[in-house]
Amino acid sequence: MSLPSLVPHRGRRFAVTARILSAVVFSFVCYLCIGIPLAVLPGFAHLDLGYSTIVAGLAVSAQYLATLLSRPHAGRMADAMGPKRTVVAGLIVLAISGLFLALAALVPKIPALSLALILLSRLGLGFAESWVSTGSITWGIGGIGGEHTARVISWNGIATYGGIALGAPLGVTLARDHGFISLGILTFALALVALPLALAKARVAPSHGERLPFKSVLSRVMPYGAGLALASIGFGSLSTFVALYYASRGWADAALSLSIFGGCFIGIRLVFGNAIDRFGGYRVAIASLFVECLGLLLLWQGTTPHAALAGAALTGAGFALVFPALGVEAVGRVSTHNRGAALGAYSVFLDVALGLTGPVGGWVAGLYDYPAIFLLAGFAALAAMFLATSLYLRFGRDRNVRDNQVDARA
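Here is what the cut-offs are and how they apply
- Residues numbered from 1 in each chain as written.
- Predicted model: local features only at pLDDT ≥ 70, side-chain atom pairs only at ≥ 80, totals over all residues.
- Heavy atoms only, no water.
- UniProt positions renumbered as here; feature names shortened; annotations may be inferred.
- Helix = DSSP H or I, 4+ residues; strand = E, 2+ residues; numbered from the N terminus.
- Buried < 20%, exposed > 50% of the residue type's maximum accessible area, 1.4 Å probe, protein only.
- pLDDT = per-residue confidence, 0-100.
- Contact = heavy atoms within 4.5 Å.
- Disulfide = S-S within 2.5 Å.
- 1 Å grid on protein atoms, 1.4 Å probe; cavity = no way out; pocket = protein on both sides within 12 Å on 5 of 7 lines; lining within 4 Å.
- Points joined across faces, edges and corners; volume = space filled by probe spheres on them.
- Nonpolar A, V, L, I, M, F, W, Y, C, P; charged D, E, K, R; others polar.
- Axes fitted to C-alpha atoms, helices over the stretch in contact; angles between N-to-C directions.
- Parallel < 35°, antiparallel > 145°, perpendicular 65-115°, else oblique.
- Left-handed = near helix turned anticlockwise from the far one by under 90°.

Quoted straight from UniProt, the Sequence similarities (unreviewed entry) entry for the protein says "Belongs to the major facilitator superfamily. YhhS family." According to the UniProt record, the Subcellular location (unreviewed entry) comment for the protein is "Cell inner membrane".

Asks: Looking at this structure, how should I read unusual backbone geometry?
Replies: Most peptide bonds take the trans configuration, and most residues that are not glycine carry a negative phi. Phi is positive for D369, which is not a glycine, with a value near 85°. Along the chain, the position of D369 falls in the loop between helix 14 (339-368) and helix 15 (371-409). According to the relative accessible area criterion, D369 is partly exposed, its value standing at 39%.

Asks: Explain the confidence of the model for the protein here, please?
Replies: Low-pLDDT stretches of the model should not have their predicted coordinates read in fine detail. Counting all residues, the mean pLDDT for the protein is 84, and 91% of those residues have values of 70 or more. Ranking the helices and strands of the protein by mean pLDDT puts helix 7 (residues 181-200) first, with 95, and helix 15 last, with 77. Within the model, the stretch residues 1-10 combines pLDDT values under 50 with 15 contacts to residues more than four positions away or in other chains. Note that residues 401-410 has pLDDT below 50 and, in this model, zero contacts with residues that lie over four places away or in other chains.

Asks: Explain the state of the cysteines here, please?
Replies: Disulfides are covalent bonds that connect the sulfur atoms of two cysteines. Considering all chains together, one arrives at zero disulfides under this definition. C33 forms no disulfide, and the closest cysteine sulfur to it belongs to C30, at a distance of 6.8 Å. Exposure remark for C33: the relative accessible area of 1% places this residue in the buried category. Lacking any disulfide linkage, C293 is separated from the closest cysteine sulfur, that of C264, by 17 Å.

Asks: I keep staring at the layout of surface pockets and nothing clicks. Help me out?
Replies: A probe as big as a water molecule, rolled over the atoms, marks out the empty space that is left. Empty space within the largest pocket amounts to approximately 1700 Å³. Every residue lining the largest pocket is counted, 48 residues in all, and those nearest its centre are L38, Y64, F235, S239 and L354. Taken together, the elements giving at least two residues each to the lining of the largest pocket come down to helix 1 (12-35), helix 3 (53-81), helix 5 (111-144), helix 6 (149-178), helix 8 (214-248), helix 9 (254-271) and helix 14. The class makeup of the residues in the lining of the largest pocket is 28 nonpolar, 16 polar and four charged.

Asks: I'm lost on the packing of helix 11 (residues 281-301) against helix 12 (residues 305-319) in this one. Help?
Replies: For the pair helix 11 and helix 12, the least separation of the axes is 7 Å and the interaxial angle reads 160°. Judged on the interaxial angle alone, helix 12 and helix 11 are roughly antiparallel. Crossing hand, helix 11 versus helix 12: left-handed. Two secondary-structure elements touch here, helix 11 through S288, L289, V291, E292, G295, L296, L298 and L299 and helix 12 through A307, A308, A310, G311, A312, L314, T315, G318 and F319. Of the residues assigned to the contact of helix 11 with helix 12, the class counts are 11 nonpolar, five polar and one charged.

Asks: Sorry if this is basic, but what is going on with the side chain of S114 here?
Replies: As for its position among the elements, S114 is in helix 5. Given a relative accessible area of 0%, S114 falls into the buried group.

Asks: Help me understand the environment of V331 in this model?
Replies: Its place among the elements puts V331 in helix 13 (residues 322-331). Separated by 57 residues in the primary sequence, V331 and N274 place their C-alpha atoms 17 Å from one another. When neighbours within four sequence positions are excluded, V331 is seen to be in contact with R339, A342 and L343.

Written out as structure tokens, the structure reads:
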């Protein structure tokens, strides 16, 4: 039985939101820990340990590889063992990751050992990200009912980006004032603080039923994942190349464009979080992708910093609801007891897109300069919009008819 049927109508919305936040807070802790070393780790590997920038970049990327490889397992784990055990396991690995990071700071005079410890830390962080994030979403949905899937995914995204946004500057400050070791110690401490909270929270029993093979789940969510991947190219392009784009044009304050992007992203999720429940995931995705495309094209044609800021704002506003809008439709393509696997498979497309955007965007910039990256991303968003439209024409209208018939009978 879902939460709305258990509480009075008045205050029901607050009760649902509180239940969601009690689950996604673990995602916030995890992504806060991801953000803490984000801006400091490359410099430590390059300047303190003496490795090349390529090796420093690979050390950072090890986390994303681990996340990509562990997404399917995280979804299956949440379905079969329950989201509570999945989140608890992720927090334990998160604490171990922080411990390895702290140990790496103790042996800078043995660069090979320090780098090995960093790699172990990054791999652990990648696994923790998959387990905590997938487990938190599944925990939230299981605690309040599948009709609130879109809201859970939206709030989890706010927790995700909010954690990274707070963690990155916090890490820089800690490293400057207390040394690199403080990053590992804080990660370890945050995981240990969150662990008893997760253990005390009421469990959601794993769903029972036929478990589809991952290949079958993947095939069902693939069209939605493809749309997410195409939409994510804009986010990846902006976050990776906007500083170089600004520098190529002699503009200052590139970081402001990222702040504008993040502010619009979170603002749209907070203000229009119920749009998916009201209008359906397909319609919201189509509208969002259109706005994102406009923002990327404005970045491509921007001739002033103000135009670029407007482009970043539209890109953030458009991308904000794409993940939950397509995600709620993707999850709807599988049964309840395959929900975690569907979320894991769907999230893989985001990981792949962000992993490929850097090298592909760099290749495009080398051939045509930096604005061309945003033109390519704009075409990708346009392609995602047409894909979402085709999915709506195939699946969305039939479901709308069924929903109207149910409302009429009620």
